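Fold and geometry: a report
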Amino acid sequence: MLSLLITLPILGILSILIIPEYKANLIKQVAFLSSLLTFICSLFLWVFFDNSTSKFQFIEYFDWMSLFNIHFFLGIDGISLFFVILSTFLVSICILNSWFSIKKHLKKYYVCFLLMDLFLIIVFSVLDIIVFYIFFESILIPMFLVIGVWGSRTRKLKAAYQFFLYTLIGSLFMLLAIFYMFFETGTTDFQILNTVLFSEDKELILWLAFFLSFSVKVPMVPVHIWLPEAHVEAPTSGSVILAGILLKMGTYGLLRFSLSLFPYASIYFTPLVYSLSAVAVIYTSLTTLRQVDLKKIIAYSSVAHMAFVTIGIFTFNLYGVEGSLLIMLSHGFISSALFLCIGVLYDRHHTRLIKYYSGLTQVMPLYSFFFVFFSMANLGFPGTSSFAGEFLTLIGSYQSNTFVTFLASTGMVLGAGYSLWLCNRVLFGPLTVNYIKQYTDITRREFAVLIPLLLCTVWMGVYPEIFLDTMHLTISNLLQKI
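These lines cover the structure that appears in this document, whether it is placed above or below. Fair warning: this is a prediction, and the values are worked out from it, not measured in the lab. (Residues numbered from 1 in each chain as written. Predicted model: local features only at pLDDT ≥ 70, side-chain atom pairs only at ≥ 80, totals over all residues. Heavy atoms only, no water.)

For soluble globular proteins, nonpolar side chains are generally found buried alongside one another. Residues Ile 241 and Tyr 367 are the most contacted members of the largest nonpolar core, which totals 178 residues. For this core, the leading source of residues is helix α15 (residues 318–349), giving 16 residues. Every residue in contact with Ile 241, bar those within four places of it in the chain, is listed here: Leu 90, Val 91, Cys 94, Phe 113, Met 116, Met 143 and Leu 246. (Core = buried A, V, L, I, M, F, W, Y, C linked by side-chain atoms within 4.5 Å. Buried < 20%, exposed > 50% of the residue type's maximum accessible area, 1.4 Å probe, protein only. Helix = DSSP H or I, 4+ residues; strand = E, 2+ residues; numbered from the N terminus. Contact = heavy atoms within 4.5 Å.)

Let us now look at the packing of helix α2 (residues 24–47) against helix α4 (residues 106–123). For any two helices packed against each other, the geometry is given by the interaxial angle and the distance between the axes. At their nearest, the axes of α2 and α4 sit 10 Å apart, and the two run at 10° to each other. What the angle tells us is that α2 and α4 run roughly parallel. Packed against α2, whose contacting residues are Ala 24, Ile 27, Lys 28, Ala 31, Ser 34, Ser 35 and Thr 38, the element α4 presents Leu 106, Lys 107, Tyr 110, Leu 114, Asp 117 and Ile 121 at the interface. Each residue belonging to the contact of α2 with α4 can be placed in one class, and the counts come to 7 nonpolar, 3 polar and 3 charged. (Axes fitted to C-alpha atoms, helices over the stretch in contact; angles between N-to-C directions. Parallel < 35°, antiparallel > 145°, perpendicular 65-115°, else oblique. Nonpolar A, V, L, I, M, F, W, Y, C, P; charged D, E, K, R; others polar.)

This paragraph deals with α4. Taking 1.5 Å per residue as the helical rise, α4 with its 18 residues ought to reach 26 Å, and the 26 Å between its terminal C-alpha atoms agrees with that figure. Here α4 lies mainly inside the structure; 16 of its 18 residues are buried. (Expected span 1.5 Å × (residues − 1).)

Let's shift gears to the pattern of salt bridges. Opposite charge on two side chains lets them pair, provided their charged atoms get close. Taken as a whole and assessed by the stated rule, the structure comprises 5 salt bridges. Salt-bridge contacts for Arg 256 lead to Asp 77; the nearest nitrogen and oxygen are separated by 2.6 Å. Of the two residues, Arg 256 is situated in helix α11 (residues 236–261) and Asp 77 in the loop between β2 (70–76) and α3 (81–97); the sequence distance between them amounts to 179 residues. Exposure class is identical for Arg 256 and Asp 77. Each is buried. Residue Glu 446 is joined to Arg 348 by a salt bridge in which the shortest nitrogen-to-oxygen separation is 3.0 Å. Here Glu 446, found in helix α19 (residues 444–462), pairs with Arg 348, found in helix α15; they are 98 residues apart in sequence, far enough to count as distant. (Salt bridge = Lys/Arg side-chain N within 4 Å of Asp/Glu carboxyl O.)

So, on to the packing of aromatic side chains. Throughout the structure, instances matching the rule amount to 41 aromatic pairs. Considering the side-chain rings of Phe 370 and Phe 447, the 5.7 Å spacing of their centres and the 75° angle between planes classify their relative orientation as edge-to-face. Linking Phe 370 in helix α16 (residues 365–378) with Phe 447 in helix α19, this pair joins segments that are 77 residues apart in sequence. (Phe/Tyr/Trp six-rings, centres within 6.5 Å; stacked < 30°, edge-to-face > 60°.)

Turning our eyes to something else, we now look at a nonpolar patch on the surface. On the surface, Met 1, Leu 33, Leu 37, Ile 40, Phe 44, Val 47 and Phe 48 cluster together into a nonpolar patch covering about 650 Å² of accessible area. If you trace the backbone, Leu 33 turns up in helix α2. (Patch = residues over 30% accessible without salt bridge, like charges linked within 9 Å, V, L, I, M, F, W, Y side chains within 5 Å. Areas by Shrake-Rupley, 256 points an atom, 1.4 Å probe, with all protein chains shown as cover.)

This is the structure in C-alpha cells:
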C-alpha cells in the first residue's frame, strides 16, 4: 500500500509535466486530484492498521544500494501513521487554497507541492537512516523554490536562502554521525541499529549530532531565527506546509531516532532539552505579544508550541509522549488554519499589518467565526485538540519535573494573552475604512478549505482516544527501551 501511496504523486507530477502551460485549469485539476487520491489512499493505512501490535506494518522493501547494504525499506507504526496522513491532507488543502492566488509558473508550483507530498511520505515511513537523511534534506529544494519564486515580498530570496542554509548546515552533523554509525556497524537499517549498543561516550556525541540537526528543524531557541522570516515571505500555502508539517520533521526525528538509538544520551541531556524548551515557551510567547505582522504572530507561537512538544517527548512517560504527539497533530490543523485565515485577508488587501484591520465582525461574520475558533484552539481552549495534547503533556511533565511544568504553564497564560489580543484588534472595535474601502466574506472555496480543519480540531479535542489507541503500543514499546 505504501508503494501505491508513493506512486500517486509521481504519476501526478508526470501528468502535469506533459500538460501545456496554457491549460491552467487542467494543471490545477490534475494536481488536486492526485493529492486527493493520495490522501484517500493514506486513510486506508489507518483503516487497516492493527492497533494490537507495535511492529512496523505495510512493509515495502526495495533493493536500492545492496553493495553498501543500503535498502529502500518502508514501514508504518503508531508514531508515523498520523504524520503520513497529515502530510497528504495538508498538501491537498494547499493545492485547493492556491487555486486563484498563484498566477505564474503554475506547473512548477504544483510540481513542487507534489514533490513535497512524495518526500514527506517517504520521510515518515522510511526505515533506513541514510535514506531518511536524503529525503529529509530533499524537502528543502521544493520549499526553497516555493519561498523564493512565489513569495510575497522583496525579501523572499533572503528568507529562502536563510531557510535553506540554516537547515542544511544543521543537518550536516547528522550526516557525519550516520557515516560513523555505518562504518561502525556496517548497516544503516534502523531496526538493526536499534539493537546496537554504543559506548556511553560515543552515544553522547552521536546524540548531539542528531540533536543539532533536529533542533534547527523544530526549531528550538536559539536556532529559530529562520522561521518567522520564512513564514512572512512564503505564500500562504507555503506557510501552511512549513508550520503544519515541516516543523514536525524535527520532533518526529527526536522521537523516532534520538530516543530509540541513544536512550542513555537522551536521559543524560534531558536537563539541556528542558532548559531550552522552557526558555523557548516564555521567550517566544513574550516576543509574540509585540509583533505587528499577522504571520509573525502565528510563526512565533509555533515555536512556543513546538517547545511544549519537546518537553513532552523528554518526560519519558506515556502521558507526556502521547500528549506531545497530539500537540504535533493539533498544531498541524490549527496553525495551518490560522495561516489560511491570514491568507484570506492578504489576498484581498495585500497587507498583513494589524493596524490596517479592525471591526471585521461587522462585515465578515463567517470569517470572524473561523478566526475566533482557531484562535481559541491555539490557546488550548477545552474541547479543542490542543487542549487534549497540552493537558496530557503537562501531566507527564509534572511527573518528571514540576519546575519545568510551572514554566511551561506560563506559556499557556501568555498564549491566551496574544491570542485574545489578536482577536480583539482584528475582529472587534470600530471598522477601519481609511485604508480598506471594501470587504468581502469568505468564498465557498475558502469555506471548503477551512471546514475540514475545524472538524478535525473538534474531533481530536472531543474524542482523542481514537488517536491514542493507535499510538499507545508503539510508544509503550519505545519507552520500555529507555
